Amino acid sequence: MTGPAAAPAVIELAGVEKTYHPGRAGGGRGAGRRGVSFRALGGVDLAIDAGEMVAITGPSGSGKTTILNLIAGIDRPTAGTVTVNGSRLDQMTEDQLAVWRGRTIGIVFQFFQLMPTLTAAENAALPLDLAHRGPARERKAVASRHLATVGLGDRGDRLPLELSGGEQQRVAIARAMACDPPILLGDEPTGNLDTAMTQDMFTLLQRLNEHGTTVVYVTHDQGLAQRAGRIVSVRDGLIISDTGRRP
């Protein structure tokens, strides 16, 4: 007698290749390098289970950010399939992707990307406002709750320039969690912070993961990568090692 079937992966890349062509929309890092096509990924298979915390690491230009962009539906594969939370992203239109992304993915960038003229609370509520999700009073309450979760419950009325780098990144995490997405992606989320702020930020990401959020982040910092439960190493567009995956 066999045991119960394993749950399907929440993120799955199968045979994924990605080539950027000069002059085409959707080019990422390395697109059109020296005016010629650039192959960022050369055949990637990657499965991530719900609730995992995964670090993707590798040298600059290795393809790690391209993997993250494919998971987010920001880029499309040249070949292969990308399935996230049960949806085939490579088969969706841009409008479908935008709706899907809003309810499925939270993204934290290295340079915060907050709206400078909006307060911390308004930035944290922005995804809810764009999705017209619930009445205004409810959206404000959700944003306040997420700001409190990241330790900024008393800073909601401050503009980004009135906040430290670490505080701005906390607002970015609150914004990423606005719609309670099951998956949080980080593109060098601590790369613009000092050591103390980096440790605080990573503790926050771990806390979100402990509450069930699948966390996948790109980092060049091997020490930070070691704090994940699983490390996927990428070089020259290929996965060269994958350690710590749950059986």
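None of these values were measured; they are calculated from a predicted model.

Participant: Describe the pairing of strand S1 (residues 11-20), listing the residues and the values that go with them.
Facilitator: As judged from the eight bridges shared by S1 and strand S2 (residues 38-48), these two strands associate in the antiparallel manner. Across the sheet, residue Leu13 finds its bridge partner in S2, namely Leu46. Bridge count for S1 against strand S4 (residues 79-84) is five bridges, and the pairing is antiparallel. For Ala14, the partnering residue across the bridge sits in S4 and is Thr81.

Participant: Describe the sheet that holds strand S3 (residues 53-57), naming the residues involved and giving the relevant values.
Facilitator: Judged by pairing direction, the sheet is mixed, and its six strands sit side by side in the order S6-S7-S8-S3-S9-S10 without closing on themselves. Unpaired on one side and paired on the other, strand S6 (105-109) and strand S10 (238-243) mark the two borders of the sheet. For this sheet the average axis-to-axis angle between neighbouring strands, irrespective of direction, equals 15°. Two elements, S6 and strand S7 (residues 183-187), share five bridges in a ladder whose sense is parallel. Within the sheet, the bridge partner assigned to Val108 lies in S7 and is Gly186. Seen against the sheet, helix H2 (residues 94-104) touches S6 and S7 and runs at an angle of roughly 80° to S6. Packed onto the sheet, helix H5 (residues 165-176) meets S6 and S7 and runs at close to 165° relative to S6.

Participant: Go over the packing of aromatic side chains with me, naming the residues and quoting the values.
Facilitator: One pass over the full model with this rule turns up one aromatic pair. When the ring of Phe202 is compared with that of Tyr217, the centres are 5.6 Å apart and the planes differ by 75°; the resulting orientation is edge-to-face. With Phe202 in helix H6 (residues 195-210) and Tyr217 in strand S8 (residues 214-219), this residue pair connects regions lying 15 residues apart in the sequence.

Participant: Pulling in residues and values, what's your account of helix H3 (residues 120-130)?
Facilitator: The complete set of buried residues in H3 reads Ala120, Asn123, Ala124, Ala125 and Leu128. For H3, the elements touching its buried residues are helix H4 (136-149) and H5. Directly after H3, the chain includes His132, whose backbone phi takes a positive value near 50°.

Rules of the game
- Residues numbered from 1 in each chain as written.
- Predicted model: local features only at pLDDT ≥ 70, side-chain atom pairs only at ≥ 80, totals over all residues.
- Heavy atoms only, no water.
- Pairing = 2+ DSSP bridges.
- Helix = DSSP H or I, 4+ residues; strand = E, 2+ residues; numbered from the N terminus.
- Axes fitted to C-alpha atoms, helices over the stretch in contact; angles between N-to-C directions.
- Contact = heavy atoms within 4.5 Å.
- Phe/Tyr/Trp six-rings, centres within 6.5 Å; stacked < 30°, edge-to-face > 60°.
- Buried < 20%, exposed > 50% of the residue type's maximum accessible area, 1.4 Å probe, protein only.

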